[in-house]
Amino acid sequence: MRTRLTSKPISWLYFYLESPISTQTNPGIRNIAIIAHVDHGKTTLVDAMFRHSGLFREGQAVEDRLMDRMDLERERGITIAAKNCAVRWSDVKINIIDTPGHADFGGEVERALSMADGALLLVDAAEGPLPQTRFVLNKTLEAGLKIIVVINKIDRKDARPHEVLEEVSELFIDLDANDEQLDFPMVYAIGLEGIAKRSLDAPNEGLDLLLNMIVEEIPAPVLHPDRPFQMLVSDLGYSDYLGRLAIGKTHNQAVAAAAALIRIDAEDKIKPLKVNKLQVYDGLTIVDAARVEPGDIVVLSGLDEVHIGDTICTKDSPRAMRRITVDEPTVAMQFLRNTGPFAGREGKHVQATKLGERLHRETLQNVSLRVEDAGDKEGFLVSGRGEFQMAILIEQMRREGFEVCVGRPQVIFQQRDGVRMEPIERVYIDCGDGYSGIVTEKLSVRRGRLVGLVNHGNGRARLEFSVPSRALIGFRDEMLTDTRGTGIMNAYIEGYEPYRGDFPTRYTGSLVSDRQGSAVPYALFNLEPRGTMFVSPGDPVYEGMVVGEHNRENDLDVNPCKTKKLTNMRASGRDDNVILTPPRPLTMEAAINFIRDDELVEITPKSIRIRKRILQIGDRKRNRD
């Protein structure tokens, strides 16, 4: 094993340039990551493995998707953060790492793979390998891990397991897998029912087959007993009773609770370390341990300061391990404190300092996220993998009581030899045959290129495009409208290409309130011919707030608080009884995708509003002039 070289002349730092004197394995442990595309059944399969391994007593009531512990994960049905657990099978402890399937959370996948010695690749028997399948598999192959392929959901009516297996093999070849990786063991399964088969015609062997295959095929952790204890911090946690937690796989030697340990940070500086407890995973919980064997995943508690990528080792032999590296961010978004007239009414945290502390705290656990001071003492520039990752962060913050304003996501460009380069994504859209034309037309306008078209003969087509990342900001909602809600879009970063040129991002303007007050039915009814409204009668509005989408390209200042002029003449009809069209619901993702560069989304624990950066009408006009 070779670790990175450094240009810093540090006399105490040892690097493994020579071959190890001896190599051993710990046969009692297996460390395996579960990788797949979104909704291909990772968490459900882990549930079945829990039940089959005897973790729960017979008849015990257990919730589904046990590994999805966050409220957002259960609500959205996706895994956001990688999590650890452990089961025992045939006297072997199997540490399981459930990873996210969305490319926006790729940093979670990369740090999770640093603890694994192998991986289960789940592929839906009907959908086959999708963009996130490619992304997570590529990271696993680069790490050199042993892979077991599981063709899942073979009970689907539209399942095509033989074709999917061929597509998986082609994907391995396309990703330059070596001969050993190409010779992967595989299983056909129905994770929800705990069914596993060696072939489609073979009898059901249950999850015995899969668990035995993990023990037999996944290599045990490799140890170098001639080297001292090391641990790479791959995850962080926090306990109200134990303080900060550092999580990672132990290397080379066992570690005892009373061991004298140190920490080596990103600048290769030695920091003293005081560890209160050693803990290991047992099922869904962690338990105390007086000693942790090499190759196991350990939880160190009570640390004052630690970061993902730090090395924890013995005081007598300080040796740094290669830090976790992740792909560069592709999208940046501005976070500002709420400066609107309603600031502080609905949230607990409105100060810029509180906002900055929360964002910097997020970077401690999310290695793919970066935070920079915007320089105006009120805002921060947050860079990450995609707009969905940003939306999840914002949703977490609003549930914690934060009020924040965010700008439109901006793609991060690069300069190479004086040429402006932009990130390019490979986009797959699954839609009905009748909608392929409009989808192709819309992406062509956005500088996209159609590179593939597959029709399985079931009335749906899969289109493959090469599209600039900036073209996809706000496109998902438009695509769903064009396909009547039946389209499915997935994408992954393909690389960087020279800038492909400008294109229009929005063909409509905004209806902007010119005063503060409450929206009135009479005013909204008369504004409906101008566009689509975002507010309902009685909603509070203020000057500069966007209350609707204008039918035309320009912005229009309107009065949503206007009431009907009253006279002493009795009305001959019921013209004051207006019937309003229901307003368009503003979800966070929809609002972020809608705004232009001169607009912000104001997010509080109770409300989502769109506003202009400059609220006053006069100031906006002077700024345009």
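Residues numbered from 1 in each chain as written. Predicted model: local features only at pLDDT ≥ 70, side-chain atom pairs only at ≥ 80, totals over all residues. Heavy atoms only, no water.

Notes on the overall build of the protein
Quick reminder of the rule: Only DSSP runs of H or I with at least four residues qualify as helices, and only runs of E with at least two residues qualify as strands; both kinds are numbered from the N terminus onward. Only protein chains enter the accessibility calculation, which uses a 1.4 Å probe; a residue is then buried when its area is under 20% of its type maximum, exposed when over 50%, and partly exposed in between. Note on contacts: a residue pair qualifies if any of its non-hydrogen atoms lie within 4.5 Å across the two residues. With residues, only the protein chains shown are counted as cover, and all accessible areas are computed by Shrake-Rupley using a 1.4 Å probe.
Regarding its fold elements, the protein presents 14 helices and 38 strands. Across the 625 residues in the protein, those meeting the buried criterion constitute 54%. Sequence separation of at least 24 residues holds for 73% of the intrachain contacts in the protein that already meet a minimum separation of 6. Of the accessible surface of the protein, which amounts to about 28900 Å², a share of 48% is contributed by carbon and sulfur atoms.

Here we look at the pattern of salt bridges
This is how it is decided: Should a side-chain nitrogen of Lys or Arg be within 4 Å of a carboxyl oxygen of Asp or Glu, the pair is scored as a salt bridge.
Applying the stated criterion across every chain, the model contains 40 salt bridges. E395 is paired through a salt bridge with R398; the nearest N and O atoms lie 3.5 Å apart. One end of the pair, E395, and the other, R398, are both in helix α9 (residues 387-399), three residues apart, so they sit about a helical turn from each other. A relative accessible area of 13% places R398 in the buried class. Here D482 makes a salt bridge to K442, at a shortest N to O gap of 2.8 Å.

Observations concerning the pairing of strand β20 (residues 311-314)
Cut-off, in case you're wondering: The rule for pairing is simple: two strands pair if DSSP sees at least two bridges between them.
Where strand β10 (residues 230-232) and β20 come together, three bridges link them in antiparallel fashion. Bridging across to β20, Q230 finds its partner in C313. Examined bridge by bridge, strand β14 (residues 261-264) and β20 share four bridges and lie antiparallel to one another. Bridge pairing links R263 to I312 in β20.

Describing helix α8 (residues 352-365)
Since the α-helix advances by 3.6 residues per turn, residues separated by three or four positions end up pointing in the same direction. As a reminder of what qualifies: One less than the number of residues in a helix, times 1.5 Å, gives the span that helix is expected to have. Of all possible arcs, the one meant is that of the directions from the helix axis to the C-beta atoms.
With 14 residues, α8 ought to run about 20 Å at 1.5 Å a step, and its terminal C-alpha atoms sit 21 Å apart, in line with that. Turning to α8, its buried residues number three or more, namely A352, L355, G356, R358, L359 and E362. All buried residues of α8 lie within an arc of 165 degrees about the axis, which places them on one face of the element. In this fold, the buried residues of α8 make contact with β21 (331-337), β22 (370-373), β23 (379-384), α9 and β24 (404-406).

What to know about the environment of S469
Worth spelling out the cut-off: Pairing of N or O atoms within 3.5 Å defines a polar contact, subject to two protein rules: one partner must be a possible hydrogen donor and the other a possible acceptor, and residues neighboring in sequence count only if both atoms are side-chain atoms.
Its location among the elements puts S469 in the loop between β29 (460-468) and α11 (475-482). Note on S469: relative accessible area 4%, which makes it buried. Residues S469 and V411 lie 58 residues apart in sequence; the distance between their C-alpha atoms is 6.9 Å. Here E425 takes part through its side chain, which lies 3.0 Å from a polar atom of the side chain of S469.

Considerations on the packing of helix α10 (residues 436-445) against α11
Short version of the rule: The convention used is that axes are lines fitted to C-alpha atoms, helices contributing only their stretch in contact, and that angles between N-to-C directions extend from 0 to 180 degrees. If an angle is under 35 degrees, it is roughly parallel; if it is over 145, roughly antiparallel; if it lies from 65 to 115, roughly perpendicular; otherwise it is oblique. Left-handed describes a crossing whose near helix is turned anticlockwise from the far helix by less than a right angle; the clockwise case is right-handed.
For the pair α10 and α11, interaxial distance at closest approach is 10 Å and the crossing angle is 155 degrees. Of the possible angle classes, the one that applies to α10 and α11 is roughly antiparallel. The two elements α10 and α11 cross, and the hand of that crossing is right-handed. Judged by residue contacts, I438, V439, K442 and L443 of α10 engage F475, E478, M479 and D482 from α11.

Describing the sheet that holds strand β8 (residues 195-197)
Here we have seven strands laid out as an open sheet, ordered β3-β4-β2-β5-β6-β7-β8, and mixed in their pairing. Two strands lie at the open edges of the sheet, namely β3 (83-89) and β8, each paired on one side alone. Here the strands of the sheet are splayed against their neighbours by 30 degrees on average, with no regard to which way each runs. Where strand β6 (residues 146-152) and strand β7 (residues 186-190) come together, three bridges link them in parallel fashion.

Describing α9
For α9, with 13 residues, the first-to-last C-alpha span of 19 Å sits near the 18 Å given by 1.5 Å per residue. Counting buried residues in α9 gives 11 out of 13 residues, a clear majority hidden from the surface. Within α9 the residues assigned to the buried category are F388, Q389, M390, A391, I392, L393, I394, E395, Q396, M397 and R398. G401 occupies a position one or two residues after α9 and carries a positive phi of about 100 degrees.

Topic: the packing of aromatic side chains
Using the following cut-off: Only Phe, Tyr and Trp rings are paired, with Trp represented by its six-membered ring, and only when their centres lie within 6.5 Å; those with planes under 30 degrees apart are stacked, over 60 edge-to-face, the remainder tilted. Definition used: whenever NZ (Lys) or CZ (Arg) falls within 6 Å of the ring centre and also within 35 degrees of the ring normal, the charge is taken to sit over that ring.
All told, the structure shown has four aromatic pairs when counted by the stated rule. For the pair F413 and Y499, a centre-to-centre distance of 5.7 Å together with 70 degrees between the ring planes defines the contact as edge-to-face. Residue F413 is located in the loop between β25 (410-411) and β26 (414-416), and its partner Y499 is located in the loop between β30 (488-498) and β31 (510-513); the two are separated by 86 residues in the primary sequence. Exposure remark for Y499: the relative accessible area of 26% places this residue in the partly exposed category. For the cation-ring pair, R420 lies above F413, with the distance from its terminal atom to the ring centre recorded as 4.1 Å. When the ring centre of F594 is taken as reference, the NZ or CZ atom of R506 above it lies at 3.9 Å.

Here's the deal with the nonpolar core
Threshold: The nonpolar core is taken to be a set of buried Ala, Val, Leu, Ile, Met, Phe, Trp, Tyr and Cys residues, with the residues joined through side-chain atoms within 4.5 Å.
Of all hydrophobic cores here, the largest spans 38 residues; its most connected members are L121, L137, V149, I151, V168 and F172. Other than its neighbours up to four places away in sequence, L137 contacts I35, L121, I147, L171, F172 and L175.

Remarks on the side chain of N252
For N252, the position within the fold is in the loop between β12 (243-251) and β13 (255-256). In terms of polar contacts, N252 uses its side chain to reach the backbone carbonyl oxygen of P228, at 3.1 Å. For N252, the side chain forms a polar contact with the side chain of Q230, separated by 3.2 Å.

Examining the pairing of β6
As a reminder of what qualifies: Here the term right-handed applies to a crossover when the path leading from its first strand over the helix to its second strand runs clockwise, the strands being oriented away from the viewer.
Summarising burial for β6: seven of the seven residues are buried, a large majority. Going residue by residue along β6, you find K146, I148, V150 and N152 tucked away on one face and I147, V149 and I151 tucked away on the opposite face as well. Following the backbone out of strand β5 (residues 118-124), through helix α4 (residues 131-142) and into the adjacent parallel β6, one traces a crossover that is right-handed.

Description of the environment of Y241
Mapping Y241 onto the fold places it in the loop between β11 (235-239) and β12. Classification of Y241 as exposed rests on a relative accessible area of 79%. Separated by 60 residues in the primary sequence, Y241 and S301 have C-alpha atoms spaced 9.6 Å apart.

Focus: the confidence of the model for the protein
Defined as follows: Confidence scores labelled pLDDT are given residue by residue by the predictor and lie between 0 and 100.
On average, residues of the protein score 82 in pLDDT, and 88% of them are at 70 or above. Scored below 50 in pLDDT, residues 1-20 shows 43 contacts in the model against residues more than four places distant or in partner chains.

Observations regarding unusual backbone geometry
With phi around 60 degrees, D91 is a residue other than glycine that occupies positive phi space. Secondary-structure assignment places D91 in the loop between β3 and β4 (92-98).

Describing the packing of α8 against α9
Where we set the bar: In this classification, Asp, Glu, Lys and Arg are treated as charged, Ala, Val, Leu, Ile, Met, Phe, Trp, Tyr, Cys and Pro as nonpolar, and every other residue, Gly included, as polar.
Running from amino to carboxyl end, α8 crosses α9 at an angle of 130 degrees, the nearest separation of the two axes being 12 Å. By the criterion of interaxial angle, the relationship of α8 to α9 is oblique. The handedness of the crossing between α8 and α9 is right-handed. Residue-level contacts link L355, R358, L359 and E362 of α8 to L393, Q396 and M397 of α9. For the contact of α8 with α9, a count of residues per class yields four nonpolar, one polar and two charged.

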